[in-house]
Amino acid sequence: MCEKFTVCENSMEMLVQNNLNLPKVTEEDGCLLSGFNEEKCLRKISSGLFTFQTYLEYVQETFTSERQKVESLCYSTKHLATTIRQMVINPDEVIIPDSATQKSLLAKLKSDKTWIEKITTHLILRDFTSFMEKTVRAVRYLKNTRSFSV
Amino acid sequence: MARPPGPPLPRLLPALLLAAAAAALPRRPCAPAGLPPDTVLGRPGANVTLSCRGEGLANDTVSWELETRRGRRLAQGDALPLRGLQRDDAGRYSCRAGGRPLRTLRLLVQDPPEVPRVSCYRRSHDRDVLCEWPLRQKPAPGTQATLWVKRRFTAENATEQQCRYFSKVQKFVCRLKVPPGVDDNKPLVVSTCVRNGAGSAAGEDKIITLSGVLKPDPPLNVTVRALERWPQRLRVAWAYPSSWDPRFYWLRFQVRYRPEPARTFTEVDQVTQTSLDIADAWRGTRHVVQVRAQEEFGHGAWSEWSREAVGTPWTDPRDLASEPGPFSSQFPAEDGTDGYGATLPPELFGAEPAEEAADGGLAEAGGRSGAAPYTFLMAGGSLLLGIALFVGIVVRYRRTRRAGGRRGAKADGAGQHALVPLAPPSPGSPLSETPLLPPAAAPPAPGPFHVTNLDYFFSGK
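Residues numbered from 1 in each chain as written. Chains lettered and ligands numbered in written order. Predicted model: local features only at pLDDT ≥ 70, side-chain atom pairs only at ≥ 80, totals over all residues. Heavy atoms only, no water.

Trainee: Go over the sheet that holds strand 23 (residues 309–311) of chain B, please, and point to the residues and values.
Mentor: All names here are of chain B. Strand order across the open sheet formed by four strands is 20-19-22-23, with antiparallel pairing between neighbours. In the strand order of this sheet, the two ends are held by strand 20 (266–271) and strand 23, each with one partner. On average, adjacent strands in this sheet sit at an angle of 25° to one another, irrespective of strand direction. Taken together, the three bridges between strand 22 (residues 287–295) and strand 23 define a ladder with antiparallel strand orientation. From the neighbouring strand, His287 faces strand 23, where its bridge partner is Gly311. (Pairing = 2+ DSSP bridges. Helix = DSSP H or I, 4+ residues; strand = E, 2+ residues; numbered from the N terminus. Axes fitted to C-alpha atoms, helices over the stretch in contact; angles between N-to-C directions.)

So, in structure tokens, the structure goes:
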């Protein structure tokens, strides 16, 4: 994003007051070392990744120069979301957006202004990166402390 | 690097927004500390006159005294002129007339504080943020430094911290308590104000994120170990710095190493473990190794480099006894004549500059006059070629006579890079001498040398 569209960190952080409702891992989700809660955290991660699915589909449409990469990102995110869902004791508690919700979200994200489109794409990717970092830490911590195979 | 020419607007817009945002930030007031009554301020080097205001008294009856230098009489008179103030002129001056104290004035000799240029860092995710700035001069007594921090785009009140001066490092340091649960990527605004009697100075507002100011301590206990039977390997191991708890957050590392005679380091990136095998070490040479660390996802800055650790790869005791080197050992020891072995000592080969090594510069090994390298090279190269051919023929001749005695006499147990089969012992083959050519012609990438390690070519001489 930074190289291709000059949408970089620092340059646009002023616009962070977005209403994109991107999934975020917060302290209450039990994904940090203090107050780590396996069930809660995995549920959050799985739900979050399922939610990101729609956003990534949007990115697929807007970030056309990297289409292939985004496609595989979409695919592997879905795969990861499903895997983590299987690790949750009560998989039904994982929230998977239904197709109506997805459709309305996609419609909401769309904008006829290229600028807004770019910012939206940037924010989605930024928050997805942050979400994945937290996912990596939490899953690794689980793997190292509990004896199960991922 | 090259950006596609985009519309000019987007590039302009962020700058405008930034400027607007900066202007909109309400500036924290940073007023000078008020002077208490009966205090006089003077800058170093300036002139100041203290006045006793003992009106109606004859000039010669008023005397002055500086408390810290009691007993030493200063000038007499109602007005005490002090010229070219120095820092140690500061203190309490009292005037008296006929033994009766009239007035005490406090003289401050100080400059207004330096403008703080703050930088913040954090040793790990579970440490407080430290914000600090260096000073050119020791701060005047009574200088106060304050730091405020608040989340950006919020109306919340800023938390205030007092900063302390550490004379050893000549820095003001403020400890910024991080409330748990603050998003690592959310921007915080840090403002500073330093004040003393002579004035005040506000630092520019700084926008930081908790993850952006991470700067781990350098890795600890770096060790370099030889691996038995691997003359070109070194195993580097290190430990997380004690300030970083690896249970949850991890670091990634960068390792750099150089053979002691070389000046430049080879760097290895993206190391996530706490050990690394170097596979292209120079035989029998001491190597210097350092490691540094960064948060695993690249947040924040790299640590400083660790302390240097040194190590030498394993050396075959037998090699020490006879002749060392990968090239002479290509041949069964009995077959290698003294002359041949001596022309190709590995350390000389390793030390060749690139261009020479690239076109038969082995001959250069003896004398590095460098005056006319090319003529020398040509001569040397052809000489070597001749010798090699000759040796090849001799070897082949002997081999055939011994009726294929040793097959594969020397396995390449010498290094991870299988030695290029310069001379596979295949006595029967009519082409058996051709593989002998490469050593003389300085193979572009002979087995044991890593092409990426430029030190082989540019080494200290």
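Trainee: I'd like to hear about helix 4 (residues 99–109) of chain A, residue by residue, with values.
Mentor: Residue and element names in this part refer to chain A. Those residues of helix 4 that sit buried are Leu105, Leu106 and Leu109. Seen from one end, helix 4 has its buried residues packed into an arc of 100°, which puts them on one side. Away from the buried face of helix 4 by more than 90 degrees, exposed residues Ala100, Lys103, Ala107 and Lys108 are located. Each element contacted by the buried residues of helix 4 is listed here: helix 2 (38–62) and helix 5 (114–145). (Buried < 20%, exposed > 50% of the residue type's maximum accessible area, 1.4 Å probe, protein only. Arc of directions from axis to C-beta. Contact = heavy atoms within 4.5 Å.)

Trainee: Which residues make up the state of the cysteines, and what values do they have?
Mentor: Residues and elements named next belong to chain B. The final tally for this structure, using the stated rule, is five disulfides over all chains. Here Cys30 pairs with Cys193 through a disulfide, and the sulfurs are 1.9 Å apart. Across the disulfide from Cys30 to Cys193, rotation about the S-S bond amounts to roughly 85°, and the bridge is consequently right-handed. Here Cys30 is found in the loop between helix 1 (8–24) and strand 1 (39–42), whereas its partner Cys193 is found in strand 14 (residues 187–196), with 163 residues between them in sequence. The class of Cys193 is buried, set by a relative accessible area of 1%. Here Cys52 is linked by a disulfide to Cys95, with a sulfur-sulfur distance of 1.9 Å. Looking along the S-S bond of the Cys52-Cys95 disulfide, the torsion reads about 80°, which is the right-handed sense. Pair noted here: Cys52 is in the loop between strand 2 (48–51) and strand 3 (62–66) and Cys95 is in strand 6 (residues 91–97), with a separation of 43 residues, a long-range link. (Disulfide = S-S within 2.5 Å.)

Trainee: Any chance you could break down the sheet that holds strand 8 (residues 119–122) of chain B for me, citing the residues and the numbers?
Mentor: Residues and elements named next belong to chain B. One open sheet holds the four strands; their spatial order is 8-9-13-12, and the pairing between them is antiparallel. Looking at the sheet topology across the chains shown, the edges are occupied by strand 8 and strand 12 (164–166). Taken over all neighbouring pairs, the strand axes of this sheet differ in orientation by 30° on average, direction set aside. Looking at chain direction, strand 12 and strand 13 (residues 171–176) are connected through three bridges and run antiparallel.

Trainee: How would you summarise the confidence of the model for chain B if you had to cite specific residues and measurements?
Mentor: All names here are of chain B. On average, chain B scores 73 in pLDDT, and the residues at 70 or more come to 61%. Between residues 1–25, whose pLDDT stays under 50, and residues either more than four places distant or in other chains, the model counts 22 contacts. Predicted confidence is poor over residues 323–372, with pLDDT under 50, and the contacts of this stretch with residues over four places away or in other chains come to 93 contacts. Quick note on the complex model: pTM equals 0.64, ipTM equals 0.85. (pLDDT = per-residue confidence, 0-100.)

Trainee: Outline the packing of aromatic side chains, listing residues and values.
Mentor: Going through the model one piece at a time under the given rule, you end up with eleven aromatic pairs over all chains. Centre to centre, the rings of Trp133 of chain B and Phe172 of chain B are 5.4 Å apart; their planes meet at 35°, and the pair counts as tilted. Here Phe172 of chain B lies in strand 13 and Trp133 of chain B lies in strand 9 (residues 129–134), a separation of 39 residues in the sequence. Measuring from ring centre to ring centre gives 5.6 Å for Tyr240 of chain B and Phe253 of chain B, while their planes differ by 85°; the resulting arrangement is edge-to-face. On the criterion of sequence distance, the pair formed by Tyr240 of chain B in the loop between strand 18 (230–239) and strand 19 (251–259) and Phe253 of chain B in strand 19 is long-range, its members being 13 residues apart. An aromatic cluster is built from Phe36 and Tyr141 of chain A together with Phe248 and Tyr249 of chain B, whose rings are joined through pairwise contacts. Looking at Arg140 of chain A, its charged tip hangs above the ring of Trp250 of chain B, at a distance of 3.9 Å from the centre. Cation over ring: Arg233 of chain B sits above Trp230 of chain B, and NZ or CZ is 4.8 Å from the ring centre. (Phe/Tyr/Trp six-rings, centres within 6.5 Å; stacked < 30°, edge-to-face > 60°. Lys NZ or Arg CZ within 6 Å of the ring centre and 35° of its normal.)

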